[in-house]
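# Topology and contacts: notes
Next come the chains, spelled out residue by residue.
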Amino acid sequence: MQPFDTVIRNARVVTAADIFSSDIGIRDGRIAALGLDLAAGLTEIDAAGRHVTPGGIDSHVHFDQPTGDGLVMADDFSSGTRSAACGGTTTVIPFACQQKGQTLRAAVDDYHRRAGDKPVIDYAFHLIVTDPTPEVLREELPALIAEGYTSFKIYMTYDALKLNDREILETLSVARREGAMVMLHAENSDCIAWLTERLLAAGLDAPRYHATSRPMLVEREATHRAIALAELVDVPILIVHVSGREAIEQIRWAQSLGLKVYAETCPQYLFLTADSLGCDDGFDGAKCICSPPPRDAANQRIIWDGLENGSFEIFSSDHAPFRFDGPDGKKAHGEQASFDKVANGIPGVETRMALLWSEGVRTGRITAQSFVALTSTNAAKMYGLYPRKGSIAIGTDADLVIWDEGQTVHLTNAMLHHNVDYTPYAGMQLTAWPAMTLSRGEVVWNGEPQGQAGRGRFLACERPAPAQVRRRQTELPL
Ligand code: DUC
Ligand code: ZN
Ligand code: ZN
């Protein structure tokens, strides 16, 4: 028998189901054996009893995504995937975004060009459907789903991206027919526009009014509407970046009726609040502008509850990297820019895993198994990458994280590898950080970034497993 390429000794292996002590034998980038006292490997790594989890799957990131309004994302596939790897993530799923008037195919081709030979870790694409023409719905979307782009996002807000209810129904029915997974950005566009206009007319334009312009009820209403539209079409949906109680109530209500309504949340809703957007003076709060906005401490607690009680399937970063200083990002329109002109989104691809392990697992708020489910396994299942990704089992890709725990990590932007000039989590004291990340058996982080740009492979996704997309009987001619 060929020796193992690598053996990780004395691991405390964590999966979504179990925790057990084992060595991990790796051959040809895959896990070839699990057990005690495995034969020698060409390379030996001593985990020394530390936890070893599946590499993270960050299923909601934005890298080098054209914005259409001159703002430029700070991370491309090079810095973005490097930063991900350093934070314990081994697969990312960014978005190939259709511009209105563009074909979906052109958006996908363009995005592959942008990825080029840059990725350090493996990656798949979601689509963003912004222009569901008859041609897109009849030809392009089904063809792309069949080729491995099996999930797509629909926006209910942002003028350049949003679909109306009729368009959402048409697009959902393609997902139903083709077995794709639909992600919904649920905020009521007209309410936001109406509130924004009034706030600006009253001179209330500081970053903090971003949160005032997008209160919880606009998310609650759109979440409810998305659920109703999906129920009508009888198709599963996933509500992304859920920020608090009122949206979760809608989701739990739908789940209690047996509807396949899944939910995702992100670190910003656990660790930031609307107060992070600052006061009337100063522009620093613009760093924390994202949509939906962070809420308050009570909503943070409810998000924590939802992570443990099964309301959420997925904990992603929604990494949307814009530099604070500089002509293309948050200050593109100057320090005095009104909140509606500031780039939406915050960085988080490198901090996501450590924040949840430190503040979730180590504080006892969630179990280590829940951590694995939320950061990796469930995304693999939802987006058709399971079991190759998202698990530690014989035959799966050797995408692994060895965790250092117990020492205080003072979070600074200088220790991160993204191309953004701030992290909203600077100053936090964490008690966990990835010691080592392996992607298909190759070390891509060991305290220093490792791994060649271009080694990351594109992953064509399967359709989600039948359990994720089970349909009800319906008499409607869908
Ligand atoms: N909101 C989004 O919907 N996408 C990117 C960033 C953000 O804040
Ligand atoms: Zn969104
Ligand atoms: Zn996003």
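Computed from a predicted structure; not experimentally measured.

### As for the sheet that holds strand E11 (residues 151-155)
If you trace the seven strands from one edge of the open sheet to the other, you get E8-E10-E11-E12-E13-E14-E15, paired in parallel fashion. Where the open sheet ends on each side, the last strands, each with one partner, are strand E8 (95-97) and strand E15 (314-315). Pairing of E8 with strand E10 (residues 126-128), which is carried by three bridges, proceeds in the parallel orientation. Note that in E10 the partner of Phe95 across the bridge is His126.

### A closer look at the coordination of the zinc ion (ligand 3)
The coordination sphere of the zinc ion (ligand 3), as far as protein atoms go, consists of His60 (NE2), His62 (NE2) and Asp318 (OD), spread over 2.0 to 2.1 Å. The motif formed by the donor residues of the zinc ion (ligand 3), counted along the single chain, is H-x1-H-x255-D. In this structure the zinc ion (ligand 2) is found 3.8 Å away from the zinc ion (ligand 3). Take His62: its relative accessible area is 6%, and that puts it in the buried class.

### Topic: the environment of Pro292
With respect to the secondary-structure elements, Pro292 resides in the loop between helix H9 (268-271) and helix H10 (297-309). Take Pro292: its relative accessible area is 1%, and that puts it in the buried class. Sequence spacing of Pro292 and Met216 is 76 residues, and the spatial spacing of their C-alpha atoms is 8.3 Å.

### Observations concerning the pairing of E11
The element E11 is largely enclosed, with a buried count of five among its five residues. What you see with E11 is no split at all: Ser151, Lys153 and Tyr155 on one side and Phe152 and Ile154 on the other are buried throughout. Once you follow E10 into helix H3 (residues 134-147) and on to E11, the crossover reads as right-handed. The pairing of E11 with strand E12 (residues 181-185) spans five bridges and is parallel. In the strand pairing of E12, Lys153 is matched with Met183. Traced from E11 through helix H4 (residues 165-178) to E12, the parallel crossover comes out right-handed.

### Observations concerning the coordination of the zinc ion (ligand 2)
Perfect tetrahedral coordination of a metal by four donors corresponds to 109.5 degrees between them, and perfect octahedral coordination by six donors corresponds to 90 or 180 degrees. Around the zinc ion (ligand 2), the donor atoms from the protein are Lys153 (NZ), His185 (ND1) and His241 (NE2), and they sit 2.1 to 2.2 Å away. Around the zinc ion (ligand 2), the four donor atoms sit at angles spanning 83 to 129 degrees, and that spread fits a shape best called irregular. Read in sequence order, the donor residues coordinating the zinc ion (ligand 2) give the pattern K-x31-H-x55-H. On the basis of relative accessibility, which here comes to 1%, the residue His241 falls in the buried class.

### Brief notes about a nonpolar patch on the surface
The grouping of Leu232, Leu476 and Leu478 at the surface amounts to a nonpolar patch, some 260 Å² of accessible area in total. Within the fold, Leu478 resides in the segment after helix H13 (466-469). The exposure class of Leu478 is partly exposed, given its relative accessible area of 40%.

### Brief notes about the pairing of strand E5 (residues 51-54)
The side chains of a regular strand alternate between the sheet's two faces. Note: strand E1 (residues 4-14) against E5, two bridges, orientation parallel. Note that in E5 the partner of Val13 across the bridge is Val52. For E5 and strand E16 (residues 400-410), the ladder comprises three bridges, and the chain directions are antiparallel. Residue pairing in the sheet places Thr53 in a bridge with Val401 of E16.

### Some remarks on the packing of helix H7 (residues 216-233) against helix H8 (residues 245-256)
In contact at an axis separation of 8 Å, H7 and H8 are set at 20 degrees when each is read in the N-to-C sense. Between H7 and H8, the crossing angle belongs to the class labelled roughly parallel. Note that H7 runs across H8; the crossing there is right-handed. Across the interface between the two elements, Met216, Leu217, Glu219, Arg220, Thr223, His224 and Ile227 from H7 touch Arg245, Glu246, Ala247, Gln250, Ile251, Trp253 and Ala254 from H8.

Here is what the cut-offs are and how they apply
- Residues numbered from 1 in each chain as written.
- Chains lettered and ligands numbered in written order.
- Predicted model: local features only at pLDDT ≥ 70, side-chain atom pairs only at ≥ 80, totals over all residues.
- Heavy atoms only, no water.
- Pairing = 2+ DSSP bridges.
- Helix = DSSP H or I, 4+ residues; strand = E, 2+ residues; numbered from the N terminus.
- Donors = N, O, S within 2.8 Å, 3.2 Å for Na, K, Ca; no water.
- Buried < 20%, exposed > 50% of the residue type's maximum accessible area, 1.4 Å probe, protein only.
- Right-handed = clockwise from strand over helix to strand, strands pointing away.
- Tetrahedral: all angles 85-135°; square planar, octahedral: opposite > 155°, others 65-115°.
- Patch = residues over 30% accessible without salt bridge, like charges linked within 9 Å, V, L, I, M, F, W, Y side chains within 5 Å.
- Areas by Shrake-Rupley, 256 points an atom, 1.4 Å probe, with all protein chains shown as cover.
- Salt bridge = Lys/Arg side-chain N within 4 Å of Asp/Glu carboxyl O.
- Axes fitted to C-alpha atoms, helices over the stretch in contact; angles between N-to-C directions.
- Parallel < 35°, antiparallel > 145°, perpendicular 65-115°, else oblique.
- Left-handed = near helix turned anticlockwise from the far one by under 90°.
- Contact = heavy atoms within 4.5 Å.

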